[in-house]
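Given next are the chains, with one letter for each unit.
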Amino acid sequence: MDKVSVLLVDDQLLFLESLKIVLENLSEEIEVCGLASSGLEAISLAATCRPDVILMDVSMPEMDGIEASARIKAERPDVNIIMLTTFEEKDKVQEAIKLGINGYLLKNLKPELLIQYILLSAEGGVFLSTEVADRLCRQGGDEKAEDEQAERCLDEDDSSYKFLTRREKEVLKYLAMDMTNMEIAEKIHVGYQTIRNYISVIYSKLNVSNRMEVIKKIQEL
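K.L.:
What exactly am I supposed to notice about empty space enclosed by the protein here?
P.N.:
Once rolled over the atoms, a probe with the size of a water molecule shows which space is left empty. Taken as a whole and assessed by the stated rule, the structure comprises one cavity of 30 Å³ or more. The calculated volume of the largest cavity comes to roughly 30 Å³.

K.L.:
What is the right way to read the environment of Leu109 from this model?
P.N.:
By the element assignment, Leu109 lies in the loop between β5 (103-106) and α5 (111-122). Using a relative accessible area of 19% as the deciding quantity, one classes Leu109 as buried. Separated by 20 residues in the primary sequence, Leu109 and Ser129 have C-alpha atoms spaced 8.5 Å apart. Sequence-distant contacts of Leu109, that is, excluding residues within four places in its chain, are made with Leu114 and Tyr117.

K.L.:
What am I meant to see in the confidence of the model for the chain here?
P.N.:
Interpretation of this model should avoid reading the predicted coordinates in detail wherever pLDDT is low. When pLDDT is averaged along the chain, the result is 80; 80% of the residues meet or exceed 70. This model gives residues 140-160 a pLDDT under 50, and the stretch forms 36 contacts once residues within four places in sequence are excluded.

K.L.:
Could you clarify how one ought to interpret the sheet that holds strand β2 (residues 30-36) in this entry?
P.N.:
By way of backbone hydrogen bonds, the strands of a sheet pair with one another, either parallel or antiparallel. Strand order in the open sheet formed by six strands is β2-β1-β3-β4-β5-β6, and the pairing between neighbours is parallel. Both edges of this open sheet fall to β2 and β6 (127-128), since each of them pairs with a single strand only. Both strand β1 (residues 4-9) and β2 contribute to a ladder of six bridges, which runs parallel. Across the sheet, Leu7 pairs through a bridge with Gly34, a residue of β2.

K.L.:
What's the story with the packing of aromatic side chains in this structure? I'm lost.
P.N.:
A complete count under the given rule lists zero aromatic pairs for this structure. The ring of Phe15 has Lys107 sitting right over it, with the charged end atom 4.6 Å from the ring centre.

K.L.:
Is there a simple way to explain the pairing of β5 in this structure?
P.N.:
Residues in a regular strand project their side chains so that they alternate between the two faces of the sheet. Here β5 shows no split at all, with Gly103 and Leu105 on one side and Tyr104 and Leu106 on the other all buried. As defined by bridge partners, strand β4 (residues 80-85) adjoins β5 across four bridges and the pair is classed as parallel. For Thr85, the partnering residue across the bridge sits in β5 and is Leu106. A crossover links β5 with its parallel partner β6, the connecting element being α5, and its sense is left-handed.

K.L.:
Just checking my understanding: could you explain the nonpolar core for this structure?
P.N.:
Leu23, Leu55, Leu114, Ile118 and Val171 are the most contacted members of the largest nonpolar core, which totals 40 residues. If near-sequence neighbours (up to four positions away) are discounted, Leu55 is found in contact with Val6, Leu7, Leu8, Val9, Leu19, Leu23, Ile82, Leu84, Leu114 and Ile118. Residues Met56, Val58, Met63 and Ile97 belong to the second largest nonpolar core, which totals 22 residues.

K.L.:
Would you explain the pairing of β4 in this entry?
P.N.:
Of all six residues making up β4, six are buried, and the element is well covered by its neighbours. Neither face of β4 is open: one carries Asn80, Ile82 and Leu84, the other Ile81, Met83 and Thr85, and all of them are buried. Alignment of strand β3 (residues 53-57) against β4, held across five bridges, turns out to be parallel. Residue pairing in the sheet places Met56 in a bridge with Met83 of β4. Considered for its hand, the β-α-β crossover made up of β3, helix α3 (residues 65-75) and β4 is right-handed.

K.L.:
So what exactly am I meant to see when it comes to α3 here?
P.N.:
The α-helix winds at 3.6 residues per turn, so residues separated by three or four positions along the chain end up facing the same way. Turning to α3, its buried residues are Gly65, Ile66, Ala68, Ser69, Ile72 and Lys73. Take α3 and look down its axis: the buried residues cluster within an arc of 160°, on one side only. Opposite its buried face, α3 presents the exposed residues Ala74 and Glu75, each directed more than 90 degrees away. Looking at where α3 begins, the residue whose side-chain oxygen comes 3.2 Å from the main-chain nitrogen of Ile66 is Asp64.

K.L.:
Just checking my understanding: could you explain the side chain of Asn197 for this structure?
P.N.:
Relative to the helices and strands, Asn197 resides in helix α10 (residues 192-206). Here Asn197 falls in the buried class, since its relative accessible area comes to 5%. Setting aside anything within four residues of it in sequence, one finds Asn197 in contact with Gln116, Leu119 and Leu120.

About the criteria used
- Residues numbered from 1 in each chain as written.
- Predicted model: local features only at pLDDT ≥ 70, side-chain atom pairs only at ≥ 80, totals over all residues.
- Heavy atoms only, no water.
- 1 Å grid on protein atoms, 1.4 Å probe; cavity = no way out; pocket = protein on both sides within 12 Å on 5 of 7 lines; lining within 4 Å.
- Points joined across faces, edges and corners; volume = space filled by probe spheres on them.
- Helix = DSSP H or I, 4+ residues; strand = E, 2+ residues; numbered from the N terminus.
- Buried < 20%, exposed > 50% of the residue type's maximum accessible area, 1.4 Å probe, protein only.
- Contact = heavy atoms within 4.5 Å.
- pLDDT = per-residue confidence, 0-100.
- Pairing = 2+ DSSP bridges.
- Phe/Tyr/Trp six-rings, centres within 6.5 Å; stacked < 30°, edge-to-face > 60°.
- Lys NZ or Arg CZ within 6 Å of the ring centre and 35° of its normal.
- Right-handed = clockwise from strand over helix to strand, strands pointing away.
- Core = buried A, V, L, I, M, F, W, Y, C linked by side-chain atoms within 4.5 Å.
- Arc of directions from axis to C-beta.
- Polar contact = N/O pair within 3.5 Å; in protein donor to acceptor, adjacent residues only side chain to side chain.

In structure tokens:
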């Protein structure tokens, strides 16, 4: 099976090198095709190494990740981009959503979870970190941004669910029906490995480790 090629973009070189080592050591499915330390360099490398997924830092001097992503998207609308940041900037999130960015994540997430998000992104998955989603749900925003986030935000009382994307909720429903991974894959017309990736992310978001715990959590709500 072909590996998912990833371009890493961040103005902190030590972070870039460390992230490359972590991703390639923890996953046999990921191959880092390039490292860029600026938005301009990211644009150039995106054209030459043709990555499946770009991990893009939001805040960089001269050209930030939002502008670099917009220029890359203009050339390659199909490219999958995940924004990484150390803080939540609501206006930046909304700009990223309008660009069609696949994900907006905080850098403090576990490496194993980041890998799952990368693999989901390669399949076209869209997601926000729980912290960013929570801020958007609580603070609201302009009408268009709220509509675009509605699928990620359930009723405030359903706190265990509000960070699941629409597709994750669909997979969760079939998990609760005790369908196998293969049956779910056939039901929603995606690959078997994609379902495994979705389930891994769902387990992490719901803080469970198996299907029985998922069903129990649903029954408690």
